[in-house]
There are 4 protein chains.
Amino acid sequence: MEPSPREVCAFEAGIKLGMLFHQFIGTPVSEASRRSLEEAMRRAVLNQPYVSRARVRIKPEPLRRASQNTFGYASLSPEMLEAEVGVEYRGVRCVGRLSYSEDEAYPVMWVEFEE
Amino acid sequence: MEPSPREVCAFEAGIKLGMLFHQFIGTPVSEASRRSLEEAMRRAVLNQPYVSRARVRIKPEPLRRASQNTFGYASLSPEMLEAEVGVEYRGVRCVGRLSYSEDEAYPVMWVEFEE
Amino acid sequence: MEPSPREVCAFEAGIKLGMLFHQFIGTPVSEASRRSLEEAMRRAVLNQPYVSRARVRIKPEPLRRASQNTFGYASLSPEMLEAEVGVEYRGVRCVGRLSYSEDEAYPVMWVEFEE
Amino acid sequence: MEPSPREVCAFEAGIKLGMLFHQFIGTPVSEASRRSLEEAMRRAVLNQPYVSRARVRIKPEPLRRASQNTFGYASLSPEMLEAEVGVEYRGVRCVGRLSYSEDEAYPVMWVEFEE
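If you're wondering where the values come from, they're calculated on a predicted model, not measured in any experiment.

## Focus on the sheet that holds strand β6 (residues 106–113) of chain B
All names here are of chain B.
Part 1: Ordered by their spatial adjacency, four strands build an open sheet running β2-β4-β5-β6, and the pairing between neighbours is antiparallel. Edge positions in the open sheet fall to β2 (51–58) and β6, since each of these has one partner strand only. Going across the sheet, the axis of each strand differs from the next one's by a mean of 10 degrees, ignoring polarity.
Part 2: Taken together, the seven bridges between β2 and strand β4 (residues 81–89) define a ladder with antiparallel strand orientation. Bridge pairing in β4 places R53 opposite G86.
Part 3: Lying over the sheet, helix α1 (residues 5–24) contacts β2, β4, β5 (92–101) and β6, oriented at roughly 150 degrees with respect to β4.

## Notes on the relation of the copies chain A and chain B
Part 1: Mapping chain A onto chain B is achieved by rotating through 180 degrees and translating by 0.0 Å along the same axis, at an RMSD of 0.0 Å. The symmetry that links the two subunits is that of a two-fold axis.

## Structural notes on the side chain of B:S67
Part 1: As for its position among the elements, B:S67 is in the loop between α3 (60–66) and β3 (74–75).
Part 2: Once you skip the residues sitting within four places of it in the chain, B:S67 turns out to touch B:V29, B:G72, B:Y73 and B:A74.

## Section: the packing of helix α1 (residues 5–24) of chain A against α1(B)
Part 1: Across the interface, α1(A) lies against α1(B) with an axial gap of 6 Å and an inter-helix angle of 35 degrees. In terms of crossing hand, the pair formed by α1(A) and α1(B) is right-handed. Where α1(A) approaches α1(B), its residues A:R6, A:E7, A:A10, A:F11, A:A13, A:G14, A:I15, A:L17, A:G18, A:M19, A:H22 and A:Q23 are matched on the opposing element by B:R6, B:E7, B:A10, B:F11, B:A13, B:G14, B:I15, B:L17, B:G18, B:M19, B:H22 and B:Q23.
Part 2: Residues that form the contact of α1(A) with α1(B) fall into these classes: 12 nonpolar, eight polar and four charged.

## What about a negative patch on the surface?
Residues and elements named next belong to chain A.
Part 1: A cluster of acidic side chains, namely E79, E102, D103 and E104, defines a negative patch on the protein surface.
Part 2: Note that E104 resides in the loop between β5 (92–101) and β6 (106–113).
Part 3: A residue is classified by how much of its surface remains accessible, and E104, at 39% relative accessible area, is partly exposed.

## Concerning the relation of the copies chain C and chain D
Part 1: Under the fitted operation, chain C is carried onto chain D by 0.0 Å of movement along the axis and a turn of 180 degrees, and the coordinates agree to an RMSD of 0.0 Å.
Part 2: Of the interface residues in chain C, 100% have counterparts in chain D that sit at the interface too, so the contact is made through matching surfaces.

## Focus on the interface of chain C and chain D
Part 1: With 25 residues of chain C at the contact, the number on the chain D side is 25 residues.
Part 2: A buried area of about 2100 Å², summed over both sides, lies between chain C and chain D, and 64% of it is on carbon and sulfur atoms.
Part 3: When the buried surface of chain C facing chain D is broken down by residue, C:M1, C:F11 and C:H22 rank first, second and third, together holding 32% of it.
Part 4: At the surface where chain C touches chain D, the tally comes to two salt bridges.

## A short note on the packing of helix α2 (residues 34–46) of chain B against helix α2 (residues 34–46) of chain C
When two helices pack together, their arrangement is given by the angle between the helix axes and by the axis-to-axis distance.
Part 1: Interaxial distance between α2(B) and α2(C) falls to 8 Å at its minimum, and their mutual angle equals 145 degrees. Seen along the crossing, α2(B) lies across α2(C) with a hand that is left-handed. Of the residues in α2(C), those in contact with B:S36, B:L37, B:E39, B:A40 and B:R43 of α2(B) are C:S36, C:L37, C:E39, C:A40 and C:R43.
Part 2: Considered class by class, the residues forming the contact of α2(B) with α2(C) number four nonpolar, two polar and four charged.

## Notes on the pattern of salt bridges
A pair can form between side chains of opposite charge whenever their charged atoms are brought close.
Part 1: Tallied over the full model, the rule gives 72 salt bridges over all chains.
Part 2: Across the pair A:R42 and A:E39 runs a salt bridge whose closest N-O atoms are separated by 3.5 Å. Taken as a pair, A:R42 and A:E39 lie in helix α2 (residues 34–46) at a separation of three residues, close to a single helical turn.
Part 3: Taking the shortest distance from any N to any O, the salt bridge between D:E61 and D:R65 comes out at 3.6 Å. One end of the pair, D:E61, and the other, D:R65, are both in helix α3 (residues 60–66), four residues apart, so they sit about a helical turn from each other.
Part 4: On the accessibility criterion, D:E61 (38% relative accessible area) is partly exposed.
Part 5: Connected through shared salt-bridge partners, A:R53, A:R55, A:R57, A:K59, A:E82, A:E84, A:R93, A:R97, A:E112 and A:E114 make up one network.

## Some remarks on the pairing of strand β4 (residues 81–89) of chain D
Residues and elements named next belong to chain D.
Part 1: Most of β4 is tucked away: eight of the nine residues are buried.
Part 2: One ladder, built from eight bridges, connects β4 with strand β5 (residues 92–101); its direction is antiparallel. Across the sheet, the residue bridging to V85 is G96, located in β5.

## Some details on the packing of aromatic side chains
Part 1: Taken as a whole and judged by the stated rule, the model has 18 aromatic pairs over all chains.
Part 2: Each ring, one from A:Y106 and one from C:F71, has its centre 4.9 Å from the other, and the planes form 55 degrees; the classification is tilted. Taken together, the residues span two chains, with A:Y106 in strand β6 and C:F71 in the loop between α3 (60–66) and β3 (74–75).
Part 3: For A:Y106, a relative accessible area of 11% translates into the label buried.
Part 4: These aromatic residues form a ring-pair network of at least three members: A:Y50, A:Y89, B:Y106, D:F71 and D:Y73.
Part 5: In this structure, A:R6 packs its charged tip against the face of A:F113, placed 3.9 Å from the ring centre.

## Here we look at the interface of chain A and chain B
Part 1: Contact residues are listed per partner, giving 25 residues for chain A and 25 residues for chain B.
Part 2: Considering only the side of chain A, the residues that lose the most area to chain B are A:M1, A:F11 and A:H22, jointly responsible for 33% of the buried surface there.
Part 3: Our count for the contact surface shared by chain A and chain B stands at two salt bridges.
Part 4: Across the pair A:E7 and B:R6 runs a salt bridge, and its minimum N-O distance is 2.7 Å.
Part 5: Applying the counting criterion to the chain A and chain B interface returns six residue pairs in polar contact (both at pLDDT 80 or more).
Part 6: Among the elements of the structure, α1 and β6 of chain A are those that each provide at least two residues to the side of chain A that touches chain B.

Thresholds applied
- Residues numbered from 1 in each chain as written.
- Chains lettered and ligands numbered in written order.
- Predicted model: local features only at pLDDT ≥ 70, side-chain atom pairs only at ≥ 80, totals over all residues.
- Heavy atoms only, no water.
- Pairing = 2+ DSSP bridges.
- Helix = DSSP H or I, 4+ residues; strand = E, 2+ residues; numbered from the N terminus.
- Axes fitted to C-alpha atoms, helices over the stretch in contact; angles between N-to-C directions.
- Contact = heavy atoms within 4.5 Å.
- Least-squares fit on C-alpha atoms with pLDDT ≥ 70 in both.
- Left-handed = near helix turned anticlockwise from the far one by under 90°.
- Nonpolar A, V, L, I, M, F, W, Y, C, P; charged D, E, K, R; others polar.
- Patch = residues over 30% accessible without salt bridge, like charges linked within 9 Å, V, L, I, M, F, W, Y side chains within 5 Å.
- Areas by Shrake-Rupley, 256 points an atom, 1.4 Å probe, with all protein chains shown as cover.
- Salt bridge = Lys/Arg side-chain N within 4 Å of Asp/Glu carboxyl O.
- Lys, Arg positive; Asp, Glu negative; His and termini not counted.
- Charge placed at Lys NZ, Arg CZ, Asp CG, Glu CD.
- Buried < 20%, exposed > 50% of the residue type's maximum accessible area, 1.4 Å probe, protein only.
- Buried area = accessible area lost by both parts, 1.4 Å probe.
- Phe/Tyr/Trp six-rings, centres within 6.5 Å; stacked < 30°, edge-to-face > 60°.
- Lys NZ or Arg CZ within 6 Å of the ring centre and 35° of its normal.
- Polar contact = N/O pair within 3.5 Å; in protein donor to acceptor, adjacent residues only side chain to side chain.

The structure is reproduced here in structure tokens:
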């Protein structure tokens, strides 16, 4: 059965969060390089179909904790990553969100519709 | 606004295809290692929430073409990859599909509902 | 200046460890899928130039700890990964090794020569 | 047997090229996002041990060719990527280089010493 525009919107939002997480987890990151990685991730997802806006944040506190080693940097981990991707498909607008939940020990992803 | 079970199902299917593509594109692959990579990809996606079944295929012909070099292997590329991921969420069943379209020169992803 | 066979051997070993780490960190993994991922990683690196043997291990204990969530799996993390890649180049043999050091809070990589 | 400083230098250079290739191949990229991805890749590798300098280039022409589709972007592919990473270890300096060879249909990596 054919999906509705709302269903396609949600599907597309899911693809984008899957990309952001699985393409970039593992990247060497530090306080010094954090901004450039956020910016590259944001611009990468803006290339993808139907994306209207995007926000990517690498949280300084988990990054600082993970960088307590001889070399002063870490690999990008699920704990550090927060993202929000707006998708617009045939007049429907939704937002996919990614945020690590300390309680659930899991990088939660969910979708919301704008109206 | 809260998404419906169908919308969540589509969203979850999108996440999984985004994972399969962006986690594994670039992996060194050859005719000899193709099956083990397909199997690992399939089992990786089966770990993810609400996945009921999965099929991953690395197409032999584009792999063969890309392996025409001194070392006889290639990096997994979008042209080689085909996948199908079944998701079940609150009684709703959908399937996310990934297949490279030669006509569109693009790895197309789409979602279908099972009833 | 031209590198010696020993230097090339070490260089090639480094490439392989960089691949294993950065290609696969982030992969959804569980006790059930661990073996298939180890096998796919091992076979992936065996494709690469001058690799004579490889061993990849996903350590059960850090995996178990990271999987304590609703969905019972984790993303492959540096803490879980151990690898050993044998390289042979113009009669020189070396081994690149990767092992997470809890003391240094860092995934240490090093190279050894076989004679 | 213990590796010499030159051998460690070459090993470290290999790790960095392996990282750049396998972390980022597959990233959605376009003419509009190319610069931010180059910059993030450069800054990512500068975090890693013993790196003294780095240059990353995404070649416009293969990118343009691969972006001839409805959505006007591509996945970062081996054909597009060029990199140079300077490593300094115990007074020894070497450079790892990555460049796609059209003749060999392969992303060639090699190492050179600076004296």
